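Summary of the model geometry
Each chain, written out:
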Amino acid sequence: MTVRKNQAKLTPEEKRAFTGALLELKRNGTYDRFVRAHNTFLMTDSDFGDRVGHRAPSFLPWHRRFLLDFEAELQKVDPKVSLPYWDWTVDRTPASSLWAADFLGGSGRDRDGQVLDGPFAYAAGKWAVTVGVDKRPYLVRELGARGVQLPTKAEVNAVLAMPVYDAAPWNSSSDGFRNHLEGWRGAGLHNRVHVWIGGQMSSAASPNDPVFWMHHAFIDMLWAEWQRRNPKSAYLPGAATPNVVDLHRPMRPWNNVTPADLLDHRKFYTFDTESAR
Ligand code: CU1
Ligand code: CU1
């Protein structure tokens, strides 16, 4: 059974295994398939039309399944690897070990935001950005440069206390747990982390930056924590809602996957904070 660990607790060997598997997926073309898929969905998800990956109730199950598919690819390269999660309420500055040269590398240089250190630096020759909203071939980060702070524990707890999963109109204006966690309303949790990092992370092609997976692994963990704290709350909508994915309806691009299939993460993995069953 896969155990997802806090990135801050990974050993040097585990960090090397994770970044090594990422570089191999980049080399063999798998990585950019995921970037392209995410880009396509984010560009077509719309508040007033079909929406599945974003601004929609299925934001959480969609990304859970997207991460599961990606983690399976990582494990084809190295069966020991799992997706680490980044708790940005704790590791909340550009000086965090996450951004060191032995892991993801740090912020970009002032002139053009280009990341210059770590395994994903353009000059190292293994991480050319090919799917994106502009022509820059290098990874860009501007950590904390846009005047926003990473969300705090108190902000997260306030959202985890919201008992209703989602509500009409089921988009970026909804008042409920999903939309506050996604960050279109309130403190802006998930979206604000993308903005804090900047560069490709604040674009539709955000998975170009490997931190995407660790950010979403933590969002995924917060969903599980919300379920634990609100055991009587269910995924909504239950049925017959235009433009969004009901509990038992299939979720694009997968054929046979519904939100209901993804509600219990323990079918697939556990977190290092949970005891094994
Ligand atoms: Cu996304
Ligand atoms: Cu995201």
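Before any of the text, the structure's been laid out above.
Residues numbered from 1 in each chain as written. Chains lettered and ligands numbered in written order. Predicted model: local features only at pLDDT ≥ 70, side-chain atom pairs only at ≥ 80, totals over all residues. Heavy atoms only, no water.

The number of helices and strands found in the protein chain is 7 helices and 2 strands. For the protein chain, the N- to C-terminal ordering of α and β elements is β-α-α-α-α-α-α-α-β. Taking 19 Å as the expected radius of gyration for a compact globule of 277 residues, we find that the protein chain reaches 18 Å, a close match to that expectation. C-alpha extents for the protein chain along the principal axes are approximately 50 × 40 × 40 Å. Within the protein chain, the fraction of its 277 residues that count as buried is 55%. Considering only contacts within the protein chain whose residues lie at least 6 apart along the sequence, 69% involve residues at least 24 apart. Surface accessibility of the protein chain: about 11,900 Å² in total, with carbon and sulfur atoms responsible for 53%. Taken as two groups, the 35 positive and 31 negative side-chain charges of the protein chain have centres that lie 1 Å from each other. (Helix = DSSP H or I, 4+ residues; strand = E, 2+ residues; numbered from the N terminus. Rg over C-alpha atoms; globule rule 2.2 N^0.38 Å. Buried < 20%, exposed > 50% of the residue type's maximum accessible area, 1.4 Å probe, protein only. Contact = heavy atoms within 4.5 Å. Areas by Shrake-Rupley, 256 points an atom, 1.4 Å probe, with all protein chains shown as cover. Lys, Arg positive; Asp, Glu negative; His and termini not counted. Charge placed at Lys NZ, Arg CZ, Asp CG, Glu CD.)

Before going further, it helps to examine the environment of Ala17. Of note, Ala17 is situated in helix α1 (residues 12-27). In this structure, the C-alpha to C-alpha distance between Ala17 and His63, residues 46 residues apart in sequence, is 23 Å.

Right, let's get into the packing of helix α6 (residues 189-197) against helix α7 (residues 211-229). Contact pair α6 / α7: the axes reach a minimum separation of 11 Å and the direction vectors enclose 160°. Classified by the interaxial angle, the pair formed by α6 and α7 is roughly antiparallel. Considering only the axes of α6 and α7, their crossing is right-handed. On α7, the residues that touch His190, Val193, His194 and Ile197 of α6 are Val211, Phe212, His215, His216 and Ile219. Residues that form the contact of α6 with α7 fall into these classes: 5 nonpolar, 4 polar and no charged. (Axes fitted to C-alpha atoms, helices over the stretch in contact; angles between N-to-C directions. Parallel < 35°, antiparallel > 145°, perpendicular 65-115°, else oblique. Left-handed = near helix turned anticlockwise from the far one by under 90°. Nonpolar A, V, L, I, M, F, W, Y, C, P; charged D, E, K, R; others polar.)

Here the focus is the coordination of the copper ion (ligand 2). Donor atoms from the polypeptide that coordinate the copper ion (ligand 2) comprise His190 (NE2), His194 (NE2) and His216 (NE2), at 2.0 Å from the metal. Of note, the copper ion (ligand 2) draws all its donor residues from one chain, in the sequence arrangement H-x3-H-x21-H. (Donors = N, O, S within 2.8 Å, 3.2 Å for Na, K, Ca; no water.)

Here we take up the coordination of the copper ion (ligand 1). Protein coordination at the copper ion (ligand 1): the donors are His38 (NE2), His54 (NE2) and His63 (NE2), at 2.0 to 2.1 Å from the metal. Sequence spacing among the residues donating to the copper ion (ligand 1) works out to H-x15-H-x8-H.

Okay, the pattern of salt bridges next. Using the criterion set out here, one finds 20 salt bridges in the structure. With its nearest N and O atoms 2.9 Å apart, the salt bridge here joins Asp32 to Lys26. Each member of the pair, Asp32 as well as Lys26, carries the same accessibility label: buried. Overlapping salt bridges, with partners in common, bring together Arg4, Arg64, Glu71 and Asp220 in one network. (Salt bridge = Lys/Arg side-chain N within 4 Å of Asp/Glu carboxyl O.)

Attention now goes to unusual backbone geometry. Following Ala168, the chain continues to Pro169 via a peptide bond in cis, the omega torsion being 5°. On the secondary structure map, Pro169 appears in the loop between α4 (153-160) and α5 (177-182). Residue Arg252 is joined to Pro253 through a cis peptide bond whose omega torsion reads 0°. Within the secondary structure, Pro253 sits in the loop between α7 and β2 (269-271). Its identity as a non-glycine residue notwithstanding, Arg55 has a phi of 45°, on the positive side. As for its position among the elements, Arg55 is in the loop between α2 (30-44) and α3 (59-77).

The subject of this paragraph is the nonpolar core. Formed by 68 residues in total, the largest nonpolar core has its most connected members in Trp86 and Trp213. Among the elements of the structure, α1, α2, α3, α4, α5, α6, α7 and β2 are those that each provide at least two residues to this core. Looking at this core element by element, the count peaks at 12 residues for α7. (Core = buried A, V, L, I, M, F, W, Y, C linked by side-chain atoms within 4.5 Å.)

Here we come to the packing of aromatic side chains. In the structure shown here, the tally under the stated rule is 27 aromatic pairs. On the basis of an interplanar angle of 85° and a centroid distance of 5.5 Å, the ring pair of Tyr31 and Phe70 is categorised as edge-to-face. Residue Tyr31 is located in helix α2, and its partner Phe70 is located in helix α3; the two are separated by 39 residues in the primary sequence. No difference in accessibility class separates Tyr31 from Phe70, as the two residues are buried. With a centroid separation of 4.5 Å and an interplanar angle of 5°, the aromatic rings of Phe177 and Trp226 are classed as stacked. Of this pair, Phe177 sits in helix α5 while Trp226 sits in helix α7; the two residues are 49 residues apart in sequence, bridging distant segments of the chain. Here Trp226 falls in the buried class, since its relative accessible area comes to 1%. Each member of the aromatic cluster is reached from another via a ring pair, and the members are Tyr31, Phe34, Phe41, Trp62, Phe66, Phe70, Phe120, Trp127, Phe212, Trp213 and Trp254. (Phe/Tyr/Trp six-rings, centres within 6.5 Å; stacked < 30°, edge-to-face > 60°.)

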